[in-house]
Amino acid sequence: MTAPTLSRRVFLGSTAIAALGAAQIRTAAAETPGDGFQYEITRSEAEWRARLSEADYNILRKGGTEEKFSSPYWNAHDDGQYACKGCDLTLYSSVWQVYPDVGWAFFRHAEPNAILMGIDGNPYVGMTDIRVLSIIEAHCRRCGSHLGHILTVGKTTLHCINGAALNFTTGPV
Ligand SMILES: [Zn+2]
């Protein structure tokens, strides 16, 4: 099944997105979305370390960003679902995946009740061509792991997600 009214491939032509990989993106850790908020799944530091590789830990638990084109999901075209590497919650369907060809996984929408948002301040360290004071951060509703960001470019809003934060399972959508 494919989304009937939307092209699965978009061409943003955006220097803003293309430039994302040009600088170290500093993001806030996702553990504090609000006072008193309790994630459904919590793990000790040792448990997170045991579950995730060092590189994945730096993304999911420290708000890091993978090198663009480092995950094959930026150009994955199989039908299926993407789940959080931190807790296995299904986050995105391939139905809504789009391909701006800048090296990360992009989705028009998330699955219902899957994504929470935060604000990352001054995320573009060392970049002088983008004037942004903050950016919307996307993290897992169930375990709080950092996934990526939600970007509005022109008239398009997309979830720009680290492939390393996801596990893909092929299947009907
Ligand atoms: Zn999760």
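In this text, all values refer to a predicted model and were calculated from it rather than measured experimentally.

A.B. asks: Got a minute to help me understand the overall build of the protein in this structure?
C.D. replies: The helix and strand inventory of the protein stands at three helices and nine strands. Ordered by position from N to C terminus, the α and β elements of the protein give α-α-α-β-β-β-β-β-β-β-β-β. Residues classed as buried in the protein amount to 49% of the 173 residues present. In the protein, the proportion of contacts linking residues at least 24 apart, taken out of those at least 6 apart, comes to 64%. In the structure as shown, the protein presents an accessible area of about 8800 Å², 51% of it carried by carbon and sulfur atoms.

A.B. asks: Would you explain the sheet that holds strand β8 (residues 156-161) in this entry?
C.D. replies: Whenever strands of a sheet pair, they do so through backbone hydrogen bonds, lying parallel or antiparallel. The sheet built from six strands is open, its strands ordered β3-β4-β8-β7-β6-β5 with antiparallel pairing. Each edge of the open sheet carries a strand with a single partner, namely β3 (97-98) and β5 (115-121). Inspection of the sheet shows strand β7 (residues 146-153) paired to β8 by six bridges, in the antiparallel sense. Pairing of Leu 151 across the sheet is with Leu 158, part of β8.

A.B. asks: Any chance you could explain a nonpolar patch on the surface here in plain terms?
C.D. replies: Where nonpolar side chains cluster on the molecular surface, the patch consists of Met 117, Ile 119 and Ile 136 and spans about 300 Å² of accessible area. Secondary-structure assignment places Ile 119 in strand β5. The exposure class of Ile 119 is exposed, given its relative accessible area of 56%.

A.B. asks: Please explain the pattern of salt bridges as it appears in this structure.
C.D. replies: Once the charged atoms of two side chains with opposite charge are near each other, the side chains can pair. Enumeration according to the criterion identifies four salt bridges in this entry. Measuring nitrogen to oxygen at the nearest pair gives 3.0 Å for the salt bridge that ties Glu 54 to Arg 49. Residue classification places Arg 49 among the partly exposed residues on the basis of a relative accessible area of 38%. Where Arg 51 meets Asp 88, a salt bridge forms, and the shortest distance between an N and an O atom there is 3.2 Å. Placement of Arg 51 in helix α2 (residues 45-51) and of Asp 88 in the loop between β1 (80-84) and β2 (90-93) is noted, with a sequence separation of 37 residues between them. Judged by relative accessible area, Arg 51 falls into the partly exposed class, the value being 34%.

Parameters and conventions
Residues numbered from 1 in each chain as written. Predicted model: local features only at pLDDT ≥ 70, side-chain atom pairs only at ≥ 80, totals over all residues. Heavy atoms only, no water. Helix = DSSP H or I, 4+ residues; strand = E, 2+ residues; numbered from the N terminus. Buried < 20%, exposed > 50% of the residue type's maximum accessible area, 1.4 Å probe, protein only. Contact = heavy atoms within 4.5 Å. Areas by Shrake-Rupley, 256 points an atom, 1.4 Å probe, with all protein chains shown as cover. Pairing = 2+ DSSP bridges. Patch = residues over 30% accessible without salt bridge, like charges linked within 9 Å, V, L, I, M, F, W, Y side chains within 5 Å. Salt bridge = Lys/Arg side-chain N within 4 Å of Asp/Glu carboxyl O.

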